[in-house]
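Each chain is listed here by its residues.
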Amino acid sequence: MSTGVHAVTTSNFPQWDRELLFRIMDNIHDVVLVIDTDTTIVYANEAYARILGVPVEKVLGRRLDKIEPKSEAIKLMRSGKSFHMGKDYLDSLGIDVVGSSFLLNDGHGIIGCVSIFKNISEVIELNRELEQTKGVADYLKEQLEQWEQLPLSFKEYVGQNSNLKETLVLAAKVAKTDSTVLIRGESGVGKEVLARAVHNSSRRKDKPLIKVNCAAINDNLIESELFGYEEGAFTGAKRGGKLGKFELAHSGTIFLDEIGDMSITMQAKLLRVLQEKEFERVGGTKTIKVDIRVIAATNRDLETMIKEGTFRRDLYYRLNIVPLNLAPLRERKDDILALSKTFLERFAREIGHELTLSPQVVRFFQEYDWPGNIRELQNVLEHASIVCNGTSIEMFHLPSQVLHLNDDQLKVRSKSQTVKEIVASLEKELILSALATNKNNRTKAMKELGFSRRVFYDKLRRYGIE
Ligand SMILES: Nc1ncnc2c1ncn2[C@@H]1O[C@H](COP(=O)(O)OP(=O)(O)OP(=O)(O)O)[C@@H](O)[C@H]1O
């Protein structure tokens with residue numbers, strides 16, 4: 001016997017009643033939710049409790065526009081449309097769902113809305129992991145192109161200086177924790193190398209270490225670079241949106257290099273992420289949570305910047321939990337030879353024969369101030385290893401800019417030296433420089449400097465130039 005448009009009864013299936021319908025609904029694996037025109041929840045099936053983790057009794061009689069004001073069911077009730085299908089995000093539970101909603105008409109008019117949906121958080125999470133893996137692969141490909149052979153752990157960190165050792169001991173201790181680390185030091189002292197060593201000695205070592213150079217990205221781009229963006233967030237945005245560095249670093253470490261160069265507006269946004277470990281993509285509304293370890297580095301004087309109002313005090317306290325200070329190379333000259341040896345071994349492998357430093361170069365390296373620190377030392381040796389044909393690196397193999405003293409160095413010298421000593425050291429530098437530019441051709445250097453042969457050789461002897 002027909003009981004309605006889509007149902008019949010038979011001798012084996014004699015009746016259709018309310019209870020039977022509810023039993024069927026309770027066996028549906030998707031959530032079924034019915035609200036009335038006031039958005040009061042009048043029905044929820046058993047899957048509701050199982051999938052969303054909230055007992056049905058807790059929600060029956062409550063208004064959905066108070067619990068989930070942004071849900072698709074509420075939007076549908078207000079839009080005048082009758083049907084919606086697609087993804088939704090339940091803010092109150094932090095769950096992604098997919099399904100459909102339709103307005104319920106009892107034949108006389110609209111009496112409510114029905115939503116049927118399933119939890120797809122796991123799928124979304126898997127997708128996010130996939131996107132992250134793809135993003136990390138792209139990032140690593142990019143990095144590979146500019147790859148430097150950096151030491152990867154504390155073991156390989158070159159340096160015996162006692163201050164450096166203290167810093168390394170502290171760094172190794174903090175590496176085992178999840179604490180935020182702030183690395184301070186002049187440009188080229190090895191802050192990035194230390195950041196890598198900390199990451200590689202932490203429990204996150206198999207997860208990504210993502211670097212952001214805060215000084216290299218302009219203010220308009222840095223927000224989307226850090227937090228990513230949704231499709232259509234701005235003109236030129238990629239289809240499907242883009243993951244930001246914070247999402248790429250999820251479960252790993254983010255290395256915020258040159259943090260002192262970040263604008264004050266971005267500092268405020270960064271502070272929120274550091275405090276809450278959550279953010280929204282540019283053009284997005286969904287809050288994304290990340291599990292990250294933060295390592296920041298700067299060569300700027302943050303304390304003065306705070307006084308000048310260009311660096312936020314609260315951000316400073318957030319970052320400065322474990323400060324690691326790396327001294328400039330001029331204050332750890334005892335490490336110059338060990339570092340030189342490491343670099344020379346590397347360059348010797350590249351050019352295929354051994355390389356050593358002449359005694360004059362060793363002496364010069366100890367006297368020189370190294371304003372560009374370890375990076376400068378590495379560059380000087382790379383230059384010399386290319387220019388040098390034999391195995392011994394001589395003064396004239398060094399790049400001419402290191403042989404010229406700058407004004408600052410002259411000022412420093414003048415404090416502790418007599419005029420006679422300054423003139424002598426300047427004269428020596430000029431002779432070394434003339435020899436370097438003339439590829440050690442003494443006659444040419446002598447003529448360039450306007451000395452007679454006797455005076456020139458006398459000076460070479462006096463200054464120990466061989
Ligand atoms: N202890 C070390 N052993 C070997 N090489 C090192 C060491 N420290 C630094 N270097 C080398 O010196 C160069 C500069 O190091 P790094 O980039 O870490 O400096 P930085 O302080 O981060 O510089 P910047 O502030 O300019 O970013 C790198 O090429 C690195 O290979």
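Each chain carries its own residue numbering, running from 1 in the written order of its sequence. In view of the model being predicted, local features appear only for residues whose pLDDT reaches at least 70, and side-chain atom pairs are presented and counted only at 80 or more, with totals across whole chains, interfaces and linings using the full set of residues. Where side-chain values are given, they derive from all heavy atoms of the structure, hydrogens and water being excluded.

You'll find the protein chain entered in an unreviewed UniProt entry as PAS domain S-box, with Desulfosporosinus acidiphilus given as the organism.

Visitor: I tried to follow the overall build of the protein chain on my own but got confused; where do I start?
Guide: Every helix listed is a DSSP run of H or I at least four residues long, and every strand listed is a run of E at least two residues long, numbered separately from the N terminus. Helices and strands together make up the secondary structure of the protein chain, namely 21 helices and 14 strands. Any two residues whose heavy atoms approach within 4.5 Å are treated as being in contact. In the protein chain, 62% of the contacts between residues at least 6 apart in sequence involve partners at least 24 apart.

Visitor: What exactly am I supposed to notice about the sheet that holds strand β6 (residues 181-184) here?
Guide: Strand pairs in the sheet, formed through backbone hydrogen bonds, run parallel or antiparallel to each other. Read across the sheet, five strands follow the order β7-β8-β11-β6-β12 without closing on themselves; strand pairing throughout is parallel. With one partner strand each, in any of the chains shown, β7 (209-213) and β12 (322-325) form the two edges of the open sheet. Strand-to-strand twist across the sheet, computed as the mean angle between neighbouring axes with direction ignored, equals 20°. If DSSP finds at least two bridges between two strands, the strands pair. Pairing between β6 and strand β11 (residues 293-298): four bridges, direction parallel. Residue pairing in the sheet places V181 in a bridge with I295 of β11. To obtain an axis, a line is fitted to C-alpha atoms, over the contacting stretch when the element is a helix, and the angle between two such axes runs from 0 to 180 degrees between their N-to-C directions. Those strands touched by helix α8 (residues 191-200) are β6, β7, β8 (253-257), β11 and β12, and its axis lies near 165° from that of β11.

Visitor: Explanation requested: the pattern of salt bridges in the structure shown.
Guide: When their charged atoms lie close together, side chains carrying opposite charge are able to pair. In what follows, salt bridge is the name for a side-chain nitrogen of Lys or Arg lying within 4 Å of a carboxyl oxygen of Asp or Glu. Following the criterion strictly, the structure yields 29 salt bridges and no others. The partner of R204 in a salt bridge is D178, with the nearest N and O atoms 3.0 Å apart. In this pair, R204 sits in the loop between α8 and β7 while D178 sits in the loop between α7 (162-175) and β6, placing the two residues 26 residues apart along the sequence. We note a salt bridge from E247 to R281, for which the minimum N-O separation is 3.0 Å. A residue pair is termed long-range when its members are at least 10 positions apart, and E247 in helix α10 (residues 245-248) and R281 in the loop between β9 (278-280) and β10 (287-289) qualify at 34 residues. A relative accessible area of 3% means that E247 is categorised as buried. Beyond isolated ion pairs, a larger network of salt bridges with shared partners links E131, E230, E247 and R281. Here the term buried applies to any residue with accessible area under 20% of the maximum for its type, exposed to any over 50%, and partly exposed to those in between, with areas from a 1.4 Å probe on protein chains only.

Visitor: Please explain the sheet that holds strand β3 (residues 83-90) as it appears in this structure.
Guide: One open sheet accounts for five strands, arranged β2-β1-β5-β4-β3; its pairing is antiparallel. Pairing within the sheet leaves two strands with one partner each, and these edge strands are β2 (41-44) and β3. Across this sheet, the average inter-strand angle for adjacent strands is 25°, counted without regard to direction. Pairing between β3 and strand β4 (residues 95-105): eight bridges, direction antiparallel. Paired with M85 across the strands is S100, a residue of β4.

Visitor: Can you walk me through the site of the ligand in this structure?
Guide: We call a residue near a given molecule or strand whenever any one of its heavy atoms falls within 4 Å of it. Every one of the 20 residues lining the ligand counts as a neighbour, but S187, G188, K191, E192 and R375 are closest to it. We call two N or O atoms a polar contact when they sit within 3.5 Å, provided that within protein one can donate a hydrogen and the other can accept it, with sequence-adjacent residues counted only if both atoms are side-chain atoms. With respect to the ligand, the backbone of G190 contributes an N or O atom lying 3.1 Å from an oxygen atom. For the shell around the ligand, the secondary-structure elements that each account for two or more residues are α8, α14 (336-351) and α16 (373-387). When residues are sorted by character, Ala, Val, Leu, Ile, Met, Phe, Trp, Tyr, Cys and Pro go into the nonpolar class, Asp, Glu, Lys and Arg into the charged class, and all the rest, Gly among them, into the polar class. Looking at the shell around the ligand, its residues break down into nine nonpolar, four polar and seven charged.

Visitor: Looking at this structure, I do not really get a nonpolar patch on the surface. What am I missing?
Guide: On the surface, a cluster of nonpolar side chains totalling about 420 Å² of accessible area is made up of F13, W16, L21, I24 and I28. Positionally, W16 belongs in the segment before α1 (18-26). Candidates for patches are residues over 30% relative accessible area with no salt bridge; among them, like charges are joined within 9 Å and nonpolar side chains (Val, Leu, Ile, Met, Phe, Trp, Tyr) within 5 Å. For the accessible areas, the method is Shrake-Rupley and the probe is 1.4 Å, while residue cover comes only from the protein chains on display.

Visitor: I tried to follow the side chain of Q132 on my own but got confused; where do I start?
Guide: Positionally, Q132 belongs in helix α6 (residues 121-145). Separated by 3.0 Å, the side chain of Q132 and the backbone oxygen of H250 make a polar contact. Setting aside residues no more than four positions away along its own chain, Q132 makes contact with P208, L243, E247, L248, A249 and H250.

Visitor: Whenever I open this one, unusual backbone geometry confuses me. Can you help?
Guide: Negative phi values dominate among residues other than glycine, just as trans dominates among peptide bonds. Of note, the phi angle at T39 is positive, near 75°, even though the residue is not glycine. Along the chain, the position of T39 falls in the loop between β1 (31-36) and β2. With phi around 55°, N373 is a residue other than glycine that occupies positive phi space. By the secondary structure assignment, N373 is in helix α16.

Visitor: Before we go on, may I ask you to explain the environment of L64 in this structure?
Guide: Along the polypeptide, L64 turns up in helix α4 (residues 64-67). Judged by its relative accessible area of 8%, L64 falls in the buried class. With sequence-adjacent residues up to four places away left out, L64 is seen in contact with L33, I35, T39, I41, P69, S71, A73 and I74.

Visitor: Sorry, what's going on with the packing of aromatic side chains here?
Guide: A ring pair, where both rings are aromatic, is described by two values, the distance of the centres and the angle of the planes. Only the six-membered ring of Trp is used, alongside the rings of Phe and Tyr, when aromatic pairs are assigned; centres must lie within 6.5 Å, and planes under 30 degrees apart are stacked while those over 60 apart are edge-to-face, with the rest tilted. Inspection of every chain in the model, using the stated rule, returns 12 aromatic pairs. Taken together, a centroid distance of 5.8 Å and an interplanar angle of 85° make the contact between F456 and Y457 edge-to-face. Take F456: its relative accessible area is 0%, and that puts it in the buried class. Each member of the aromatic cluster is reached from another via a ring pair, and the members are F364, F365, Y368 and W370. Charges are assigned to positions over rings by a cutoff of 6 Å between ring centre and Lys NZ or Arg CZ, combined with an angular limit of 35 degrees from the ring normal. Directly above the aromatic system of Y463 lies the positively charged group of R462, at a separation of 5.6 Å from the ring centroid.

Visitor: Got a minute to help me understand the environment of V362 in this structure?
Guide: Relative to the helices and strands, V362 is located in helix α15 (residues 359-367). Using a relative accessible area of 24% as the deciding quantity, one classes V362 as partly exposed. Separated by 31 residues in sequence, V362 and I393 have C-alpha atoms that sit 9.7 Å apart. Sequence-distant contacts of V362, defined by excluding residues within four places in its chain, comprise L337 and L357.

Visitor: Would you explain the packing of helix α20 (residues 442-449) against helix α21 (residues 453-462) in this entry?
Guide: How two helices sit against one another is set out by the angle between their axes and by the gap between those axes. In contact at an axis separation of 10 Å, α20 and α21 are set at 110° when each is read in the N-to-C sense. Taken together, the axis directions place α20 and α21 in an arrangement best described as roughly perpendicular. Contacts between α20 and α21 involve R442, T443, A445, M446 and L449 on the former and, on the latter, R453, F456, Y457 and L460. Taken together, the residues that form the contact of α20 with α21 break down as six nonpolar, one polar and two charged. By the definition adopted for this analysis, an angle is roughly parallel if under 35 degrees, roughly antiparallel if over 145, roughly perpendicular if from 65 to 115, and oblique otherwise.

Visitor: Help me understand the nonpolar core in this model?
Guide: Across soluble globular proteins, you tend to see nonpolar side chains buried next to one another. Working definition of a nonpolar core: buried Ala, Val, Leu, Ile, Met, Phe, Trp, Tyr and Cys residues. They are joined through side-chain atoms within 4.5 Å. If you look at the biggest cluster of nonpolar residues, it comprises 37 residues, and the most contacted ones within it are F364, F365, W370, L377, L381, I393 and L398. Only α14, α15, α16, α17 (400-403), α19 (419-437), α20 and α21 provide two or more residues apiece to this core. Among the elements that make up this core, the one with the highest residue count is α14 (six residues). Membership of the second largest hydrophobic core comes to 36 residues, among which are L271, V273, F279 and F311.

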